[in-house]
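In case you want the letters, here they are:
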Amino acid sequence: MSRAQVWLWRAGSLVVAAGFVWLWQWIANNRIVSPVFLPGPDRAWSALQRGLTTGDLGAKLLGTVERMIWGWLIASLIGVALGAAIGSSARLKTYLSPTLEFLRPLPASAVIPVAIALLGLSDAMVLSVIAFGALWPVLLATIHGFSVVEPRLYEVARALNLSRLSTIAKISIPSASPDILAGMRLGLTVALILAVVCEMLAGREGLGHWILLAARSFRAPDLYAGVILLGALGYVSSFAIGAIEKRALSWRDRAR
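Scope of this entry: the structure provided in the associated data block. (Residues numbered from 1 in each chain as written. Predicted model: local features only at pLDDT ≥ 70, side-chain atom pairs only at ≥ 80, totals over all residues. Heavy atoms only, no water.)

**As for the overall build of the protein chain**
And then number 1: Counting its regular elements, the protein chain contains 11 helices and zero strands.
And then number 2: Overall, the protein chain shows an N-to-C arrangement of helices and strands of α-α-α-α-α-α-α-α-α-α-α.
And then number 3: Going through the 256 residues of the protein chain one by one, you find that 37% of them count as buried.
And then number 4: Long-range contacts, defined here as pairs at least 24 residues apart, represent 71% of the contacts in the protein chain between residues at least 6 apart.
And then number 5: Carbon and sulfur atoms form 69% of the exposed surface of the protein chain, whose accessible area is close to 15200 Å². (Helix = DSSP H or I, 4+ residues; strand = E, 2+ residues; numbered from the N terminus. Buried < 20%, exposed > 50% of the residue type's maximum accessible area, 1.4 Å probe, protein only. Contact = heavy atoms within 4.5 Å. Areas by Shrake-Rupley, 256 points an atom, 1.4 Å probe, with all protein chains shown as cover.)

Here is the structure:
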């Protein structure tokens, strides 16, 4: 796709977004939905500016970002290490497959009561739930990436007398990196969702708690301000890890 086409697609996406905001404002101005439940984007934007400048919305945003990042990092480290061990060993994969298939479909939200019972309404509980939910995309993607490494590459490693760790570091991980990074990207989205859910349930300071209190107090502009900020956070985090993924996998374009 040429640069002109890329800019054309971006311009089209901006037009669609502007049309959505205009429609939202039109519905609010004509009171098709009660302003108690649907304020206009102008009121939501004013509430967002007020919360960031004079309120504590910025601190709550940082709290959510911190929990999301830490939970995602823990999940990524465990997922890549465990996935590498399982994906590179047929015996481990056979032994652990039933356990993984049992735990994989388990919703992370179902683990929250167990985590609360064990750790209480604490940051440790929040991090454990986030890490548990974000672990599975990374783990399964890593296992798949290691499982589909070209067998001839392992033959080359044996011919070069590479150790197991060297084979994993120099052959398996680079070959599986597209799957690993895709899993980490999905895991970051899961981490953000679970951070907000845990903040709502556990009453921890963050965007989730802000949105919940705004809804209970019928402060619709503040509620939508929190939702807008949450969407912006998701977009920025996805864009950032996408840029990292593109840079980390630039060797594929050079190899073609």
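**Things to note about the side chain of Ser76**
And then number 1: Among the structural elements, Ser76 can be located in helix α3 (residues 57-87).
And then number 2: If near-sequence neighbours (up to four positions away) are discounted, Ser76 is found in contact with Val138 and Met184.

**Let's talk about a nonpolar patch on the surface**
And then number 1: Together, Trp22, Leu23, Trp26, Ile32, Val33, Val36, Phe37 and Phe218 make up an exposed nonpolar region whose accessible area comes to about 860 Å².
And then number 2: Counting through the fold element by element, Trp22 comes out in helix α1 (residues 3-29).
And then number 3: What makes Trp22 exposed here is its relative accessible area of 57%. (Patch = residues over 30% accessible without salt bridge, like charges linked within 9 Å, V, L, I, M, F, W, Y side chains within 5 Å. Salt bridge = Lys/Arg side-chain N within 4 Å of Asp/Glu carboxyl O.)

**Things to note about the pattern of salt bridges**
And then number 1: Per the stated rule, a full pass over the model turns up seven salt bridges.
And then number 2: The partner of Asp222 in a salt bridge is Arg50, with the nearest N and O atoms 3.7 Å apart. Highlighted residues: Asp222 in helix α10 (residues 220-248) and Arg50 in helix α2 (residues 41-53), separated in sequence by 172 residues.
And then number 3: Note on Asp222: relative accessible area 12%, which makes it buried.
And then number 4: The exposure class of Arg50 is partly exposed, given its relative accessible area of 45%.
And then number 5: Linked through salt bridges whose partners overlap, the residues forming this network are Arg67, Asp123, Glu199 and Arg204.

**Comments concerning helix α9 (residues 207-216)**
And then number 1: For α9, a buried count of seven out of 10 residues is recorded, marking the element as mostly surrounded by other parts of the structure.
And then number 2: Looking one or two residues past α9, Phe218 carries a phi angle of roughly 55°, positive in sign.

**Here's the deal with the packing of α9 against α10**
And then number 1: In contact at an axis separation of 8 Å, α9 and α10 are set at 155° when each is read in the N-to-C sense. When the interaxial angle is binned, α9 and α10 end up roughly antiparallel. For α9 against α10, the interelement crossing comes out left-handed. Side by side, α9 and α10 meet where Leu207, Trp210, Ile211, Ala214 and Ala215 of the first sit next to Asp222, Leu223, Gly226, Val227, Leu229, Leu230 and Leu233 of the second.
And then number 2: Within the contact of α9 with α10, the residues separate by chemical class into 10 nonpolar, one polar and one charged. (Axes fitted to C-alpha atoms, helices over the stretch in contact; angles between N-to-C directions. Parallel < 35°, antiparallel > 145°, perpendicular 65-115°, else oblique. Left-handed = near helix turned anticlockwise from the far one by under 90°. Nonpolar A, V, L, I, M, F, W, Y, C, P; charged D, E, K, R; others polar.)

**Some points on the layout of surface pockets**
And then number 1: The computed volume of the largest pocket comes to approximately 220 Å³.
And then number 2: Looking at the largest pocket, it is lined by 13 residues, and the ones nearest its centre are Ser88, Tyr154, Arg164, Thr167 and Ser172.
And then number 3: The dominant element in the lining of the largest pocket, judged by the number of residues it contributes, is helix α8 (residues 164-202), at four residues.
And then number 4: Looking at the lining of the largest pocket residue by residue, the class counts come to six nonpolar, five polar and two charged. (1 Å grid on protein atoms, 1.4 Å probe; cavity = no way out; pocket = protein on both sides within 12 Å on 5 of 7 lines; lining within 4 Å. Points joined across faces, edges and corners; volume = space filled by probe spheres on them.)

**Section: the packing of helix α4 (residues 90-103) against helix α6 (residues 123-147)**
And then number 1: The N-to-C vectors of α4 and α6 enclose an angle of 150°; their axes lie 13 Å apart at closest approach. For the element pair α4 / α6, the angle class is roughly antiparallel. Judged by the twist between their axes, the crossing of α4 over α6 is left-handed. Between α4, through Lys93, Leu100 and Leu103, and α6, the contact on the second element is made entirely by Trp136, Leu139, Ile143 and Ser147.

**A word on the nonpolar core**
Considering soluble globular proteins, one finds that nonpolar side chains tend to be buried as a cluster.
And then number 1: Ranked by size, the top nonpolar core spans 48 residues in total, and within it Val129, Met184 and Leu207 carry the most contacts.
And then number 2: Taken together, the elements giving at least two residues each to this core come down to α2, α3, α5 (108-119), α6, α8, α9 and α10.
And then number 3: For this core, the element with the highest residue contribution is α8, accounting for 13 residues.
And then number 4: Leave out the neighbours within four places in its chain, and Met184 touches Trp72, Ser76, Val138 and Ile241. (Core = buried A, V, L, I, M, F, W, Y, C linked by side-chain atoms within 4.5 Å.)

**Notes on α5**
And then number 1: Taking 1.5 Å of rise per residue, the 12 residues of α5 would be expected to cover 16 Å, and the 16 Å separating its terminal C-alpha atoms lies within 8% of that figure.
And then number 2: Turning to α5, its buried residues are Ala108, Val111, Ile112 and Ala115. Down the axis, α5 shows its buried residues gathered within 125° of arc, on one side only. Among the exposed residues of α5, those pointing more than 90 degrees away from its buried face are Pro113 and Ala117.
And then number 3: On its buried face, α5 is in contact with α6 and α8.
And then number 4: Just downstream of α5 lies Gly120, where phi reads positive at about 75°. (Expected span 1.5 Å × (residues − 1). Arc of directions from axis to C-beta.)

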